[in-house]
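Analysis of the macromolecular model
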Amino acid sequence: NLYYSQTKATKIEIYQGDSNVRFAGDVFKYRTSNRNVATVDANGVIKPVGVGDCQITASLNTKNVVINVHVKPDNVRKPTLKKDIYYYTGEEQKIELNNFDERKMNISNNVQKDVGNYQTVVSLKDKNNQKWLDSTNDDLVFNWSITKYDCTEEVKKPELIKITNNSIELVRIT
């Protein structure tokens with residue numbers, strides 16, 4: 001089993017019977033039954049291309065070794081909102097998400113400037129070869145808003161500390 005975006009090379013190793021004698025990879029000729037699922041190079045290195053099943057055949061003279069390959073979709077962690085309320089500043093504001101991976105995800109409607117309610121959509125870039133950890137691949141919708149800052153809280157009047165001849169006195173300024 002391989003994952004679609006697996007970057008580590010998977011190399012075929014073929015041994016003689018039950019012994020520890022290993023054949024060199026380049027003495028075989030390799031072929032895949034489906035280049036849309038996996039490819040194999042002259043050294044027997046398998047590279048996943050898309051989700052599905054195929055067979056890799058290693059041939060030496062008239063002998064064949066067939067390896068079944070199953071390529072699984074990538075499991076992608078869903079992003080989550082860091083916060084859903086932003087305060088109006090007059091400048092553009094960008095929604096903040098945890099676990100957003102721009103290599104694997106698209107995002108739309110994530111930058112706004114004016115007071116209002118907004119929906120940001122996050123989708124997988126390759127729905128054929130990626131899925132969320134919960135095995136779905138539906139687009140995610142995040143609701144967020146920009147609101148006016150409420151500055152109606154009563155402002156306290158400043159206080160002054162007065163120190164004179166061994167006494168400390170709190171004086172309110174009116």
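Definitions and cut-offs
Counting from 1, residues in each chain are numbered in the order their sequence is written. Under the rules for a predicted model, residues below a pLDDT of 70 receive no local features and side-chain atom pairs below 80 are neither given nor counted, while totals for whole chains, interfaces and linings still include all residues. In computing side-chain values, all of the structure's heavy atoms are included and hydrogens and water are not. A run of DSSP states H or I qualifies as a helix once it reaches four residues; a run of E qualifies as a strand once it reaches two. Both are numbered from the N-terminal end. Think of it in three bands: residues with accessible area under 20% of the maximum for their type are buried, residues over 50% are exposed, and the middle band is partly exposed, with areas taken using a 1.4 Å probe on protein chains only. Working definition of a nonpolar core: buried Ala, Val, Leu, Ile, Met, Phe, Trp, Tyr and Cys residues. They are joined through side-chain atoms within 4.5 Å. Note on definitions: a residue-residue contact is assigned when non-hydrogen atoms from the two residues lie within 4.5 Å. When DSSP locates at least two bridges between a pair of strands, those strands are taken to pair. Whenever a helix is involved, its axis is fitted only over the stretch in contact; in every case the axis is a line through C-alpha atoms, and angles between N-to-C directions fall within 0 to 180 degrees.

1. Some words on unusual backbone geometry
Keep in mind that most residues, glycine aside, have a negative phi and that most peptide bonds are trans. Backbone geometry places Asn61, a non-glycine residue, at a positive phi of 55°. Position of Asn61 among the secondary structure elements: in the loop between strand 6 (52–60) and strand 7 (63–72). Its identity is not glycine, yet Ser135 carries a phi of approximately 70°, on the positive side. Relative to the elements of secondary structure, Ser135 occurs in the loop between strand 16 (130–132) and strand 17 (140–147). Look at Ser135 and you get exposed, because its relative accessible area is 52%.

2. Some details on the nonpolar core
Counting residues in each nonpolar core, the largest one holds 13 residues, and the members touching the most others are Ile95, Val122, Trp132, Phe142 and Trp144. When residues of this core are traced back to their parent elements, those giving at least two are strand 15 (116–124) and strand 17. Ranked by residue count, the leading element in this core is strand 17, at 4 residues. Ignoring sequence-local partners within four residues, the contact set of Trp132 consists of Asn75, Val76, Arg77, Lys78, Pro79, Met105, Val122, Leu124, Asn137, Asp138 and Leu140. Of all hydrophobic cores here, the second largest spans 12 residues; its members include Leu2, Val40, Ile56 and Val71.

3. Here we look at the sheet that holds strand 15
If you walk across this open sheet you meet the 4 strands as 10-17-15-13, and the pairing is mixed. Taken across any chain shown, the strands that pair with only one partner, and hence form the sheet edges, are strand 10 (85–87) and strand 13 (105–108). When the angles between neighbouring strand axes are averaged without regard to direction, this sheet yields 25°. Relative to strand 17, strand 15 runs antiparallel, the two being bridged by 7 bridges. By the bridge assignment, Gly116 is partnered in strand 17 with Ile146.

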